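The chain contents come next:
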Amino acid sequence: MLKQHRELSMSIHRTIENNEEAGIRPSKTYQSFVAAAGSHRELNFIEKDVKNYITREVRNVSEQEDAKEFGKYLAAFEYFGDVISFDTTYNTNRYNLVCGSFVGVNHHGQSTLLRCSLMKNEEIESFKWLFQCWLRCMGGNVPKGFLTDQCASMKRALEACMPTTIHRWCIWHIMKKIPRKLNGYKGHADIEQEMSQVVWNSHSKDSFDRNWNDFLLNFGLADNKWLSDLYEDRHIWVPIYLDHHFWAGMRSTQRSESMHSFFNKYITRNSSLIQFVKQYDNCLGSREQAERESDAADFHTVIPCATKSSIEAQFQDAYTHAKFREVQAQFRGKANCITRLKNSALGYSVYEVGEQVFSSIFNKFVVTYDSVAAELKCQCLLFESRGILCRHALSVLSFEQELTAILHRAYDNVMAEMEALKAKRKGTSSLSHEDANLESVNELQSPPRIRTRGRPKNRLGSKLEKQIANATKKKKTKVLSEINLFDAASAAHSNSSQYQGHVMNYQFRVPAAGDNSLGV
């Protein structure tokens, strides 16, 4: 068929574009046209025309669409570019190119793509060029953390291009090498188990150094070069040296490797570069759709709180569903924690939290609580590295809340008793002289003793005693209401100018048997 006689109709264009979006190969697309027409002769184009049309459409992307795609990447990096995982394990065999992907973590804990690369080699200069280009695409914004495998070329390139970024090696790759590196030693299974304990259960830098040295001495590994090199680089792979920085829960490059596996749904080993670019966009669209679905679920649904805790309710309001489920897992783990206050001074408290991992085995964590600055810090560093408040910190907060509640209840009880006593005193002191009797008068509280200057001519107390004694002799069986105490006190008060301006309340006692006097 002559070239001038070959053409593609609008319906053919639309079908080719749809099939390309769906990842259908050009050869399969052409075969579908042949099957629909009945034979090759019935078509006025050939398979090469289909491939040429795909090539032109991919290359002739408008500048407006390029700008839109660039803005989408830049916005994603601004939100989720704190920590990046980069890995180059995926190989496109057709061109023998190494594919590397820059992967971040979004607010749902999902992997998000932040560009990819195709490289001919993995030399230092190649990585330098790649990282510089990637930083320009990201608007010059440098990530806070960067995870890679133990590639020395990457390490050198990162030090040159991103000197302020914290570099972390994939711990999964390191631990995976233990059987191969230490297989020649006797008891290598015990060595692997003990090394894992040292790496994961050392909760301070000093304890890691001590445990590591003990581990080498116990198994006779002091001369092992691989372990010596690992110890020299401990600041870029051991968790206790890195977890005080935010890592979005990443300690390995498995997210990048998982993303490479995800590529397999869209790209085959025989895909061309043009198909790779197109299918990469489809892969991005799939990830964006998953994020939008999670956003919609967060907006329209609510995960109920598992406890009555006001702390859990705050996380429910602030976190996405995926992150809130992680918080609830920590609330459930709080049931296995026992909290003990070690010391406290000036609002700064140090707690020891024992977490039961087996029937009789407890892991101990130190938690500090500054009530003045409202700061809480746990030795496990879960909040610092993942943004999730750990069960040890939650246990301390519950302990503080219970202690505060106990103090508040005790304070409320004391205040209630004081109010009741005050009301009782007020009601007793306001008794009228008609209702008063000896028992009620006995409950009146005497005032503090008032010292006067000099001795008055007439003692108020002795004069009152005489009047009360005389009244008691006459009417022993009558109540005190028949004696006009207030009048007598008023008369005595008027005869003594020494007590002008003072109100005196005296406490009276019930006379004992055979006692005919009332003592003041």
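The rules we used
- Residues numbered from 1 in each chain as written.
- Predicted model: local features only at pLDDT ≥ 70, side-chain atom pairs only at ≥ 80, totals over all residues.
- Heavy atoms only, no water.
- Helix = DSSP H or I, 4+ residues; strand = E, 2+ residues; numbered from the N terminus.
- Buried < 20%, exposed > 50% of the residue type's maximum accessible area, 1.4 Å probe, protein only.
- Contact = heavy atoms within 4.5 Å.
- UniProt positions renumbered as here; feature names shortened; annotations may be inferred.
- Lys, Arg positive; Asp, Glu negative; His and termini not counted.
- Salt bridge = Lys/Arg side-chain N within 4 Å of Asp/Glu carboxyl O.
- Polar contact = N/O pair within 3.5 Å; in protein donor to acceptor, adjacent residues only side chain to side chain.
- Arc of directions from axis to C-beta.
- Core = buried A, V, L, I, M, F, W, Y, C linked by side-chain atoms within 4.5 Å.
- Axes fitted to C-alpha atoms, helices over the stretch in contact; angles between N-to-C directions.
- Parallel < 35°, antiparallel > 145°, perpendicular 65-115°, else oblique.
- Left-handed = near helix turned anticlockwise from the far one by under 90°.
- Nonpolar A, V, L, I, M, F, W, Y, C, P; charged D, E, K, R; others polar.
- Phe/Tyr/Trp six-rings, centres within 6.5 Å; stacked < 30°, edge-to-face > 60°.

If you check an unreviewed UniProt entry, the chain appears there as SWIM-type domain-containing protein from Arachis hypogaea.

(A) The overall build of the chain, seen in detail. Scanning the chain from terminus to terminus reveals 21 helices and nine strands. A buried classification covers 37% of the 520 residues belonging to the chain. Taking as baseline every contact in the chain between residues at least 6 positions apart, the subset at least 24 positions apart corresponds to 58%.

(B) Quick look at the side chain of Ser385. In this fold, Ser385 is placed in helix H17 (residues 382-386). For Ser385, the contacting residues outside a window of four places in its chain are Asp243, His245, Phe246, Trp247, Ala248 and Gly249.

(C) Structural detail: the UniProt feature "domain: SWIM-type" (unreviewed entry) in the chain. Taking the numbering used here, the UniProt-annotated feature "domain: SWIM-type" (unreviewed entry) corresponds to residues 365-401. Taken end to end, residues 365-401 comprises 43% helix and 27% strand; its first and last C-alpha atoms sit 20 Å apart.

(D) Broad picture of the side chain of Asp370. Tracing the backbone through its elements, the reader meets Asp370 in strand S8 (residues 362-370). It is Lys377 that comes nearest to the buried, bridge-free Asp370 among opposite-charge side chains, at 12 Å. Within the structure, Asp370 has its side chain in polar contact with the backbone nitrogen of Val372 (distance 3.1 Å). The residues contacting Asp370, other than those within four sequence positions of it, are Gly347, Tyr348 and Glu375.

(E) View of helix H11 (residues 225-232). Those residues of H11 that fall on the buried side of the exposure criterion are Trp226, Leu227, Leu230 and Tyr231. Down the axis, H11 shows its buried residues gathered within 135 degrees of arc, on one side only. The exposed set on the far side of H11, more than 90 degrees from its buried face, consists of Lys225 and Glu232. Turning to H11, the residues buried within the fold contact helix H7 (171-176), helix H8 (178-181), helix H9 (188-200) and helix H10 (205-219). One side-chain oxygen at the N-terminal end of H11 lies 3.1 Å from the backbone nitrogen of Trp226; it belongs to Asn224.

(F) Structural detail: the environment of Tyr280. Take Tyr280: it is sitting in helix H14 (residues 273-300). Sequence separation of Tyr280 and Ile267 is 13 residues, and the distance between their C-alpha atoms is 8.2 Å.

(G) Region of the structure containing the nonpolar core. Among the nonpolar cores identified, the biggest contains 25 residues, and Met195, Phe208, Trp212, Phe215, Trp226, Leu227 and Trp237 are the most heavily contacted of them. Among the secondary structure elements, those contributing two or more residues to this core are H7, H9, H10, H11 and helix H12 (239-242). With residues up to four places along the chain from it excluded, the contact list for Trp237 reads Trp169, Ile171, Ile174, Met175, Met195, Val199, Trp212, Leu230 and Leu242.

(H) Geometry of the packing of helix H15 (residues 310-318) against helix H16 (residues 321-333). At a closest axis distance of 9 Å, the pairing of H15 and H16 adopts a crossing angle of 165 degrees. It follows from the interaxial angle that H15 and H16 lie roughly antiparallel. For the crossing formed where H15 meets H16, the hand is right-handed. When H15 is examined against H16, the residues Ile311, Glu312, Phe315 and Gln316 are found in contact with a partner set consisting of Phe324, Val327, Gln328 and Phe331. Here the contact of H15 with H16 is built from residues that sort into five nonpolar, two polar and one charged.

(I) Up close: the packing of aromatic side chains. All told, the structure shown has 20 aromatic pairs when counted by the stated rule. Taking the centre distance of 6.4 Å and the plane angle of 75 degrees together, the rings of Phe102 and Phe131 count as edge-to-face. With Phe102 in strand S2 (residues 97-105) and Phe131 in helix H5 (residues 124-137), this residue pair connects regions lying 29 residues apart in the sequence. Considering the side-chain rings of Phe215 and Phe219, the 5.7 Å spacing of their centres and the 55 degrees angle between planes classify their relative orientation as tilted. Here Phe215 and its partner Phe219 are both found in helix H10, four residues apart, which amounts to about one turn of the helix. Through a chain of ring-to-ring contacts, the aromatic side chains of Phe208, Trp212, Phe215, Phe219, Tyr231, Trp237 and Tyr241 assemble into a single cluster.

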